[in-house]
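Here's the letter readout for the chains.
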Amino acid sequence: MKKTKILIVGAGINGLVAANYLQKSGADITLIDQSDKVGGACISEQARINGEDFHYALGASVLGLMQDFIYKETGLSSTLDTFVPSHPKLVHFPGEKHPAMIFRDASELDKELSEKWGETGDLRAFREDENKVIQYLQKGYKEAIPPNISSAKDILGNELTQLWITGTARDLLNHYLTSDKSKMYMAMTVSESGPVSLDEPYSAFTLPVMDSGSIFDGYYGFVKGGIWKLTEKLGEINCKLGVKIHTSSKLLEVDSEKNTVILDSPEGTTNLGYDVIIFATDPKTALNMMDSNKLSKMQTEKKYIGSSGKLNVVFKKPIQWRDATNLSDTDAAFRFLFSVNSIEKFEESTLSVLGQDKDYEPGYMQIYCEGGAMRIMNCNEPYDRIAVFMKNFSLNNKGEDLQSVKEDALKKLFQYIKNPEDCIWTRLLTPKDLQETFHFPGGNIDHTVLTGGQTFFDRNFSSDPENHFYRLLDNENAFICGAGTYPCGSIAGTPGYMCSQEVIKYINS
Ligand SMILES: Cc1cc2nc3c(=O)[nH]c(=O)nc-3n(C[C@H](O)[C@H](O)[C@H](O)COP(=O)(O)OP(=O)(O)OC[C@H]3O[C@@H](n4cnc5c(N)ncnc54)[C@H](O)[C@@H]3O)c2cc1C
């Protein structure tokens, strides 16, 4: 029997995962990307430091939202080494001498947050209820069935569905917690990719989604050599399986009647036929290609804006943290530095960049100690490196034009470091840089904002989501599985996997 010819556009994590499953299902896969390498936003870049080339993570840095079964079934688990710090996360608020330690052990955490932040709420109930929601989501991931309100109510009941899915993050946090600091710590994920208010319907849902990875039981960790090894390896695995990968090949046009595309590739302008086309790109690219005559309503109604920046920092000697403990993995602990002390200020800073006049408003910094983790994994690098994920930027400027913002951020960071004089290289990327570098429409790391109307069951681009969730508009043989589809972005590949299962059903129907 003739094999189904599938063209996948976009070789980021989702295109790579979809290609892996579909090639193994017996289809004939061609995977193209306009970039000169695979990986999408999970790639490294070289910096020239003291005459040497040094690799750092340009986009993503840490791994955690991937499903364990995807990690194993794709073949990644047998080619990569990973490390998850067991060290408590360290959370610093302005004016506090000592950080709060986020212990894994529930009684230790209760005691710590009660002493440091005056928390008197029910953290255990928070985690227990969140776990129920996560189990429900994970079952849906594995079975490739997107969740909906009626199944959520059947399994979780009305109260949990309202609190954790359809409700606001503010109501969710107020239900379980009493201190502003605990609430801010938990609320970080709500605004992680874009300026989402804690009062938005469905903003509660971002919390369980961002904790729903199973590769490290909901925790985040590091890949030996750097997270870009994951997409590099998946590219190699796919090649061995027979996937035809063409980099430097940009999709220019789709003729959805004739099932052909025009590509700009190293061989010049080429034509290619397909039986099925899958967009593992951002949604704007996909909608423009398939709906170029009438600008789709879906495209104009969606919110795309992102507000996250990334500051890469390189040190010539290992960073000496002032908050270091005597635990062996203290150099690799996740660190969080808040610039605001109340939930109202947190909300204000998140939303401030929606106006025209603000370039940056300090909210929080998440510090990923990649160099420290590499040393623990015996991966010898000439320098130490950290990635600082920063909030809140507008879409106005590139990082190179925000020198004073970068200097202020470094000043804040250096308060926690004993050897700032060893810092030898830095680079700030803003949403505007992410838009240009990774083609994220509004610079959003999830391709579109995770907000009501475009999260949970609404995170799709199908005209018939009940029956064909990953379908693109009303095209029978066109699908979409980039970060803008359910559940969300991240180095997870869950949309790519779920979409591949729907495509397999379509081929066999
Ligand atoms: C700075 C930054 C930090 C991040 N940190 C983390 C982190 O630590 N952990 C985490 O899990 N996630 C992180 N993320 C988010 C994560 O990287 C993304 O959500 C994820 O990589 C998206 O994967 P994707 O496959 O959906 O899309 P992408 O990676 O965006 O891939 C889409 C691909 O489509 C290609 N493409 C687009 N148009 C065309 C065309 N016309 N023709 C051919 N190819 C085309 C693009 O070149 C691209 O390679 C971060 C992102 C950024 C930018």
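As shown above, the structure is provided for reference.
Rules behind the numbers
Residues numbered from 1 in each chain as written. Predicted model: local features only at pLDDT ≥ 70, side-chain atom pairs only at ≥ 80, totals over all residues. Heavy atoms only, no water. Helix = DSSP H or I, 4+ residues; strand = E, 2+ residues; numbered from the N terminus. Rg over C-alpha atoms; globule rule 2.2 N^0.38 Å. Buried < 20%, exposed > 50% of the residue type's maximum accessible area, 1.4 Å probe, protein only. Near = heavy atom within 4 Å. Polar contact = N/O pair within 3.5 Å; in protein donor to acceptor, adjacent residues only side chain to side chain. Areas by Shrake-Rupley, 256 points an atom, 1.4 Å probe, with all protein chains shown as cover. Nonpolar A, V, L, I, M, F, W, Y, C, P; charged D, E, K, R; others polar. Phe/Tyr/Trp six-rings, centres within 6.5 Å; stacked < 30°, edge-to-face > 60°. Lys NZ or Arg CZ within 6 Å of the ring centre and 35° of its normal. Pairing = 2+ DSSP bridges. Contact = heavy atoms within 4.5 Å. Axes fitted to C-alpha atoms, helices over the stretch in contact; angles between N-to-C directions.

J.: Now, about the overall build of the protein: what can you tell me, with residues and values included?
T.: The helix and strand inventory of the protein stands at 17 helices and 19 strands. Its C-alpha radius of gyration of 22 Å places the protein within 12% of the 23 Å reference for a compact globule of 509 residues. Each principal axis of the C-alpha distribution contributes one length, and for the protein these read about 70 × 60 × 45 Å. Residues classed as buried in the protein amount to 59% of the 509 residues present.

J.: Quick one: what's the story with the environment of Asn131, residue by residue and with numbers?
T.: Take Asn131: it is sitting in helix H4 (residues 123-143). Taking the C-alpha atoms as reference points, Asn131 and Asp211, 80 residues apart in sequence, are found 8.9 Å from one another.

J.: Describe the site of the ligand, and please don't skip the residues or the numbers.
T.: Around the ligand lies a shell of 32 residues, among which Asp33, Val62, Ile445, Ser490 and Ile491 are the nearest. Within the backbone of Gln34, one N or O atom sits 3.1 Å away from a nitrogen atom of the ligand. Interatomic distance of 2.8 Å between a backbone N/O atom of Val62 and a nitrogen atom of the ligand. Here the ligand, which alone exposes 1000 Å², has 96% of that area covered by the protein. Contributions of two or more residues to the shell around the ligand are made by helix H1 (13-24), strand E10 (250-255) and helix H16 (431-438). Residues belonging to the shell around the ligand are distributed by class as follows: 14 nonpolar, 15 polar and 3 charged.

J.: I'd like a rundown of the packing of aromatic side chains, residues and numbers included.
T.: Within the structure shown, the criterion is met by 25 aromatic pairs. An aromatic cluster is present here, built from Phe93, Trp117, Tyr185, Phe336, Phe338, Phe346 and Tyr364 joined pairwise through their rings. For Lys24, the ring lying beneath its charged end belongs to Tyr21, and the centroid distance is 5.2 Å. Looking at Lys302, its charged tip hangs above the ring of Phe461, at a distance of 4.9 Å from the centre.

J.: So what about the pairing of strand E13 (residues 276-279)? Which residues, and what values?
T.: When a strand is regular, its side chains alternate between the sheet's two faces. Residues Val276 and Ile278 point to one face of E13 and Ile277 and Phe279 to the other, with burial holding for every one of them. Here 4 bridges tie strand E1 (residues 5-9) to E13, and the two strands are oriented parallel to one another. Counterpart to Ile6 in the pairing with E13 is Val276. Here 3 bridges tie E13 to strand E19 (residues 478-480), and the two strands are oriented parallel to one another. Bridging from a neighbouring strand, Phe279 pairs with Ile480 of E19.

J.: I'd like a rundown of helix H6 (residues 158-166), residues and numbers included.
T.: For H6, the complete set of buried residues consists of Leu160, Thr161, Leu163, Trp164 and Ile165. Looking at the packing, one finds that the buried side of H6 touches H4, helix H5 (149-156), helix H7 (169-176) and helix H9 (206-210).

J.: An account of the sheet that holds E10 is requested, with residue identities and associated values reported.
T.: Overall, antiparallel pairing links the 3 strands, which are arranged E10-E11-E12 in an open sheet. Looking at the sheet topology across the chains shown, the edges are occupied by E10 and strand E12 (268-273). With strand direction ignored, the average angle separating the axes of adjacent strands in the sheet is 25°. Examined bridge by bridge, strand E11 (residues 260-265) and E12 share 6 bridges and lie antiparallel to one another. Residue pairing across strands places Val261 opposite Leu272, the latter belonging to E12.

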